[in-house]
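Structural overview
Take a look at the letters that make up each chain.
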Amino acid sequence: MQFHLAIVESLEGNNRKAAEVLGQPDTEDTAALYAAAMWSLENGDVEAGVAFLEEIESRPDAPRGTSKYLAAGYLHLDRAAECEMAVDQYLSDNADDSYSHYLRGLAILRQNQPERAEVALRNAGYDDSQVAQIEQVVMQVPVDVTQRRSTITGTQATTRRQASNRRTADKNYNVTILFAGEYDSNVPLQPKFSGLGSNIDYDDYRFLMASFLDLQLLTSDIGNLGLVGSTYNTFQLDLNRFDVQDYMGGAYTNGLLLENLIGSLRYEFHHTLVDESRFASEHRLTPSLSRLGTNGHTTVFYEFNPVDARAPALIAAQQQSAETHRFGITQALYTFGGNGRIYAGYQYADTNSDGSDFDHTSNMATGRIERPFCGSWIADLDVRFVWDDYDNPNSLDFFGRPRNDDRLEVRTGLQKNFVRPVSLRLDYTYIHNDSTDTENLFGVPFYDYDRHLFSTQLIFTL
């Protein structure tokens, strides 16, 4: 009678009430256990639903879809190897079930085996471009705390049962090579001409090459240690005195401090040249803490950034060498169902420079949204607003007023993932800097500008 009353509640759409009415089902009643599992899954209690299904999966009177729903539950709990075994059991008698092939593909992706996953996803009826999009989303949108932890630390955490069933060797490096063509509406804002380019506003095209390397030296379930490096080179079509080169090398480590808390430390050294002449060298040391939540993660960080600048300075006040202390917090939210990611952040920085023109504090608020759509395209929108308040009278201002800047940066892009490892990206960036407090005798501002950048990028990820 209790079971039938619960069924009535379910038929009326009250699954939570149905579960309450049923209570703890009779362990000998397969139908009641199956119903309890379905109601638990629908109400978001996946662990309870999986437990009920595990109880009946091997029974001869178990409903036909038991192993299929069990596989879905395992995947939600990030028990990928068990998901694959359960869905294989279902596919042995239902080889034409496309959703089961899809589940199998996701489970194999979660075990970092993209080649096997591609076969399963094609069996589910997806073409190459759709497979590429699914791979992108699955590898970037973690399903629970365990997977988010491995995403942040770069490690692949596994349960004991997974480890006993499968041993997979994760790739310990990532290499990205980027080629781009760009149009820039305001090239003189490159660092070598900063502050002196008012009312010049040259535009130009440039070719850009960049590379990025991440090499993990040590990896375990509780942390890792690795090296990073990058190169960045631009080649202007007309204004080659603004060619920029930047070379970076560094190291990082991540460690699991508590179940939901990651500690990280990253160091980078940058050597920057403009027109093949040394412009600056800088060090960046960044410790951070990341707390993993139900729907995303929160990161707080501190960055120490001393810069030794060799930019030309007419007077001592324009010396740009400085030390910056930066504090920040970011919040990342993962949206499920292939809907991408959302970020928000705030940073505060205090810069003490050798030249009095560049002593300042800065506040920056940021927001970013990413969303896949239409096959294997991914769209993103990034907005930043910066307030820079300078401490001292500016040497270029006729009335000796301190400089205060408000800067809006908007970047939007589309990325198309082709057959691995090729991607194409289209970018547009708009920057507006309002600095009307610093002017010459004729009211011309030195630091006011608008800038438009259009970029087409070909990306190879190895």
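Below is a summary of the structure that appears in this document. (Residues numbered from 1 in each chain as written. Predicted model: local features only at pLDDT ≥ 70, side-chain atom pairs only at ≥ 80, totals over all residues. Heavy atoms only, no water.)

Comments concerning the packing of aromatic side chains
Evaluated as defined, the whole model comprises nine aromatic pairs. Look at Y183 and F454: their rings are 6.2 Å apart centre to centre, the planes differ by 35°, and that puts the pair in the tilted class. Residue Y183 is located in strand β1 (residues 173–184), and its partner F454 is located in strand β14 (residues 449–461); the two are separated by 271 residues in the primary sequence. With relative accessibility at 22%, the residue Y183 sits in the partly exposed group. According to the relative accessible area criterion, F454 is partly exposed, its value standing at 43%. An aromatic cluster of three or more residues is present, and its members are Y183, Y205, Y428 and F454. R403 extends its terminal NZ or CZ atom over the ring of Y447, reaching a point 3.5 Å from the ring centre. (Phe/Tyr/Trp six-rings, centres within 6.5 Å; stacked < 30°, edge-to-face > 60°. Helix = DSSP H or I, 4+ residues; strand = E, 2+ residues; numbered from the N terminus. Buried < 20%, exposed > 50% of the residue type's maximum accessible area, 1.4 Å probe, protein only. Lys NZ or Arg CZ within 6 Å of the ring centre and 35° of its normal.)

Brief notes about the nonpolar core
Counting residues in each nonpolar core, the largest one holds 36 residues, and the members touching the most others are W39 and L53. Looking at which element gives the most residues to this core, the answer is helix α3 (residues 30–42), with eight residues. Setting aside residues up to four positions removed in sequence, L53 forms contacts with Y34, A37, M38, L41, T66, Y69 and L70. (Core = buried A, V, L, I, M, F, W, Y, C linked by side-chain atoms within 4.5 Å. Contact = heavy atoms within 4.5 Å.)

Re a nonpolar patch on the surface
Together, L257, L258, L289, V300, F327, I329, Y346 and Y348 give the surface a local cluster of nonpolar side chains, amounting to about 710 Å² of exposed area. Every element with two or more residues in the nonpolar patch is listed here: β4 (244–258), β8 (322–334) and β9 (341–353). Position of L289 relative to the elements: it lies in strand β6 (residues 277–292). (Patch = residues over 30% accessible without salt bridge, like charges linked within 9 Å, V, L, I, M, F, W, Y side chains within 5 Å. Areas by Shrake-Rupley, 256 points an atom, 1.4 Å probe, with all protein chains shown as cover. Salt bridge = Lys/Arg side-chain N within 4 Å of Asp/Glu carboxyl O.)

Quick notes on helix α8 (residues 114–123)
The complete set of buried residues in α8 reads P114, A117, E118, A120 and L121. For α8, the angular spread of the buried residues around the axis is 165°, confining them to a single face. Once α8 finishes, G125 follows within two positions and takes phi at roughly 105°, a positive value. (Arc of directions from axis to C-beta.)

Things to note about the environment of D405
Structurally, D405 is set in strand β12 (residues 402–417). Sequence separation of D405 and N433 is 28 residues, and the distance between their C-alpha atoms is 6.6 Å. With residues near it in sequence (within four places) discarded, D405 still touches V386, W387, D388, Y390, N433, D434, S435 and Y447. Of note is the side chain of D405, whose polar atom sits 2.6 Å from the side chain of S435. (Polar contact = N/O pair within 3.5 Å; in protein donor to acceptor, adjacent residues only side chain to side chain.)

Focus: the packing of helix α1 (residues 2–11) against α3
Remark: α1 packs on α3, axes separated minimally by 11 Å, with the N-to-C direction vectors making an angle of 30°. Crossing of α1 over α3 shows left-handed handedness. Residues F3, A6, I7 and S10 of α1 touch α3, and the partners they reach there are A31, A32, A35 and W39. Here the contact of α1 with α3 is composed, by residue class, of seven nonpolar, one polar and no charged. (Axes fitted to C-alpha atoms, helices over the stretch in contact; angles between N-to-C directions. Left-handed = near helix turned anticlockwise from the far one by under 90°. Nonpolar A, V, L, I, M, F, W, Y, C, P; charged D, E, K, R; others polar.)

What about the pairing of β8?
Bridge analysis of strand β7 (residues 296–309) against β8 gives twelve bridges, and the strand direction is antiparallel. From the neighbouring strand, H297 faces β8, where its bridge partner is A332. Judged from the 13 bridges that link them, β8 and β9 form a sheet pairing that is antiparallel. Looking across to β9, one finds that Y334 is bridged to R341. (Pairing = 2+ DSSP bridges.)

What about the packing of helix α4 (residues 46–56) against helix α5 (residues 66–76)?
The relative placement of two packed helices comes down to the angle between their axes together with the axis-to-axis distance. One way to put it is that α4 packs onto α5 with a least axis distance of 9 Å and a crossing angle of 145°. Between α4 and α5 lies a crossing of left-handed hand. On the side of α4, the interface is formed by V46, V50, L53, E54 and I56, while α5 contributes T66, Y69, L70, G73, Y74 and H76. Taken together, the residues of the contact of α4 with α5 break down into seven nonpolar, three polar and one charged.

What to know about the pattern of salt bridges
Inspection of the entire model under this criterion finds 28 salt bridges. A salt bridge links E268 to R266; the nearest nitrogen and oxygen atoms lie 2.8 Å apart. Here D397 ties to R401 by a salt bridge, and the two come within 3.0 Å at their closest N and O atoms. One connected set of salt bridges, linked through shared partners, spans R341, R368, E370, D380, D382, R411, R425 and D427.

Concerning unusual backbone geometry
Most peptide bonds are trans, and most residues other than glycine sit at a negative phi. A positive phi angle, near 60°, is found at D78, a position not held by glycine. Relative to the helices and strands, D78 resides in the loop between α5 and α6 (80–91). Here the phi dihedral of E276 falls at roughly 65°; this positive angle occurs in a residue that is not glycine. Structurally, E276 is set in the loop between β5 (261–274) and β6.

A look at the pairing of β1
In this sheet, strand β2 (residues 204–220) lies alongside β1 in antiparallel orientation, the contact comprising twelve bridges. Following the sheet pairing, D184 is matched in β2 by D204. Bridge count between β1 and β14: nine bridges; the pairing is antiparallel. Each bridged residue has a counterpart across the sheet, and for D184 the counterpart in β14 is L453.

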